[in-house]
Amino acid sequence: MSFLLPQLLFLFSFLTPGRAAGGRLSGDQADLVRATADFGNLVWDQPSGVYFPAGAADLAELVASSYRTESPFGVAARGHGHSIAGQAQAAGGVVVEMGSGSWDPPKVGVNGSGAPYVDAWGGELWVDVLAATLAHGLAPRSWTDYLYLTVGGTLSNAGISGQAFHHGPQISNVFELDVVTGKGELVTCSEYRNSELFFSVLGGLGQFGIITRARIALETAPQRVRWIRVLYSDFSAFTKDQEYLISLHGDAMKFDYVEGFVIVDEGLINNWRSSFFSPRNPVKVSSLGNKGGVLYCLEMTKNYDESSADTIDQELESLLKRLDFIPVSVFMTDVSYVDFLDRVHKAELKMRAKGLWDVPHPWLNLFVPASRIADFDAGVFKGILANKTTSGPILIYPMNKHKWDDRTSVVIPEEGETFYLVGLLRSALDSGDVAQTLEFLSAQNEEILRFCEDRAIPAKQYLPSYADTAEWKRHFGDKWDRFVRRKAAFDPKAILSPGQRIFRPGSTLLSDS
């Protein structure tokens, strides 16, 4: 066993059958190294111990043990390790491996109003939640693009994908939570019970509690998906059509998923994220009359099953004829519902086989108000990024603000009803191209952020990462005081999620923030 901080050594005393059945605290080097790594490959803060819980009760005792000490240690919940900037790390503290152990599998039920739900452990992968619910002909309503993320991880941020325009983010589709607070209390909460904790934790970046169970809303699962992509050379036509499609959120005649991406070089359209397009018939950007070297791809799906198979073509024709895309650029395929939802994992397997997955990922995700998205296009897509090779997808799609609950802790732009996600999901590669190096991509991210600041574009980071409290205050804006009050109420010693670098661990009642 490697070195453990003195304040952690006593924790072995509570790991007895009477107090924490099955939980295990490890100081083994292999466990510590694993807990130090994440998908971003940018930050490596090693903990002093790694905890493998068997359930919520012993996890609560772990946090309570830190809370009771004069010198509390940080505790970070780690799911599938998909953080970008060390958010699930705990330098000198304890990382909780939420994906460890064995507990009850997801359980499907029906609440008092007749709405179906699934109860899932916070460390459960969404792909496993999907499998469990499909056995009942049901599925969650809102998704992320990648299913190998944990329930607690996405709900601590927001959880977004192309369904968010209609159903809202994943945090808008939760009935109830079990949460371990920073005091080590295991609390059940919902909109109607301990509601302040409930809304604090949703989108709360792990600052107020560790989610051990989530009751997630379900809907009838479709069987098939008609998957369509169309191309635009005109940005205003592209965004006009995207915003029109998300305005149909309450209509029967609508797409079920709306996303899009930006193509700044010809290679990207046929790369791993764009594998939809047949490699036997590669798309030539130069053949589509694009202006300024940039194309925009609108991506949509329509779900259906046997009962609606006869009408799907008519519905698609009706929807597509309302859009102003390049006529020769319609690409369509038909896949199972599961294959569509799991599309990114298939790309992951290809990347891993080429040794291109475990590399630095200096991702930048921004929420940009719709009123300023044209300025962003001109300055970033056609400016900073123009005519440069890129090493990953650039997503762009709009969402409806009224589908987000302002009582949660997540931060979105205040301006307007519609805002866009812009996701620069790039990988730093040792390809010999300076534009794909970590240094270049990181500097480019900073240039984009400076551009937004200089042009007064009120963008907000999604999956944010900041170096100090002052930057976090700027991020939260008017919501900062509420965030601090919630922290003082539910984690007054700043024990939880120290890797977010919002509060200094152990700062009693946040006196140092």
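Asker: For the overall build of the protein, give the residues involved together with the corresponding values.
Answerer: When you go through the protein residue by residue, the secondary structure sums to 16 helices and 18 strands. Looking at the protein residue by residue over its 513 residues, the buried ones come to 60%. Expressed as a percentage of contacts within the protein between residues at least 6 apart in sequence, the contacts between residues at least 24 apart total 74%. Carbon and sulfur atoms make up 51% of the accessible area of the protein, which totals about 20300 Å².

Asker: Account for the pairing of strand β11 (residues 224-232), with residues named and values stated.
Answerer: Within β11, eight of the nine residues are buried, which leaves it mostly tucked inside the rest of the structure. As judged from the nine bridges shared by β11 and strand β13 (residues 295-304), these two strands associate in the antiparallel manner. Paired with R226 across the bridge in β13 is K302.

Asker: Give a detailed account of the pattern of salt bridges, specifying residues and quantitative values.
Answerer: On inspection of all chains with the given rule, the structure shows 24 salt bridges. Residue D119 pairs with R213 through a salt bridge whose shortest N-O separation is 3.0 Å. Of this pair, D119 sits in strand β6 (residues 116-121) while R213 sits in strand β10 (residues 209-220), and the two are 94 residues apart along the sequence. Measuring nitrogen to oxygen at the nearest pair gives 2.7 Å for the salt bridge that ties R372 to D375. What makes R372 buried here is its relative accessible area of 18%. On the accessibility criterion, D375 (35% relative accessible area) is partly exposed.

Asker: Help me get a handle on the confidence of the model for the protein, residues and values and all.
Answerer: This prediction gives the protein a mean pLDDT of 90; 88% of its residues lie at or above 70. Predicted confidence is poor over residues 14-20, with pLDDT under 50, and the contacts of this stretch with residues over four places away or in other chains come to 18 contacts. Residue range residues 271-275 is modelled with pLDDT below 50. Its contacts to residues more than four positions away, or to other chains, number 17 contacts.

Asker: Outline the environment of P398, listing residues and values.
Answerer: Its location among the elements puts P398 in strand β16 (residues 394-400). A relative accessible area of 1% places P398 in the buried class. Residues P398 and I373 lie 25 residues apart in sequence; the distance between their C-alpha atoms is 10.0 Å. Other than its neighbours up to four places away in sequence, P398 contacts F165, Q242, E243, I246, T418, F419 and Y420.

Asker: Describe in detail the nonpolar core, supporting the description with residues and values.
Answerer: One broad rule of soluble globular proteins: the nonpolar side chains tend to lie buried together. Counting 68 residues, the largest nonpolar core has L155, I160, L177, F367, M399 and W404 as its most contacted members. By size, the runner-up hydrophobic cluster in this structure holds 43 residues, among which are I228, V230, L319 and V368.

Asker: Help me get a handle on the side chain of Q207, residues and values and all.
Answerer: Positionally, Q207 belongs in the loop between α7 (195-201) and β10. Exposure remark for Q207: the relative accessible area of 1% places this residue in the buried category. Not counting residues up to four positions away in its chain, the partners in contact with Q207 are F483, K487, D491, L496, S497, Q500, I502 and F503.

Asker: Which residues make up the packing of helix α13 (residues 373-384) against helix α14 (residues 438-454), and what are the values?
Answerer: Packing of α13 against α14 leaves a shortest axis separation of 11 Å and a crossing angle of 155°. Relative to α14, α13 is oriented roughly antiparallel. With respect to the hand of their crossing, α13 and α14 are arranged in right-handed fashion. Two secondary-structure elements touch here, α13 through D375, F376, G379, V380 and I384 and α14 through Q444, E447, I448, F451 and C452. Here the residues of the contact of α13 with α14 sort into six nonpolar, two polar and two charged.

Rules used throughout
- Residues numbered from 1 in each chain as written.
- Predicted model: local features only at pLDDT ≥ 70, side-chain atom pairs only at ≥ 80, totals over all residues.
- Heavy atoms only, no water.
- Helix = DSSP H or I, 4+ residues; strand = E, 2+ residues; numbered from the N terminus.
- Buried < 20%, exposed > 50% of the residue type's maximum accessible area, 1.4 Å probe, protein only.
- Contact = heavy atoms within 4.5 Å.
- Areas by Shrake-Rupley, 256 points an atom, 1.4 Å probe, with all protein chains shown as cover.
- Pairing = 2+ DSSP bridges.
- Salt bridge = Lys/Arg side-chain N within 4 Å of Asp/Glu carboxyl O.
- pLDDT = per-residue confidence, 0-100.
- Core = buried A, V, L, I, M, F, W, Y, C linked by side-chain atoms within 4.5 Å.
- Axes fitted to C-alpha atoms, helices over the stretch in contact; angles between N-to-C directions.
- Parallel < 35°, antiparallel > 145°, perpendicular 65-115°, else oblique.
- Left-handed = near helix turned anticlockwise from the far one by under 90°.
- Nonpolar A, V, L, I, M, F, W, Y, C, P; charged D, E, K, R; others polar.

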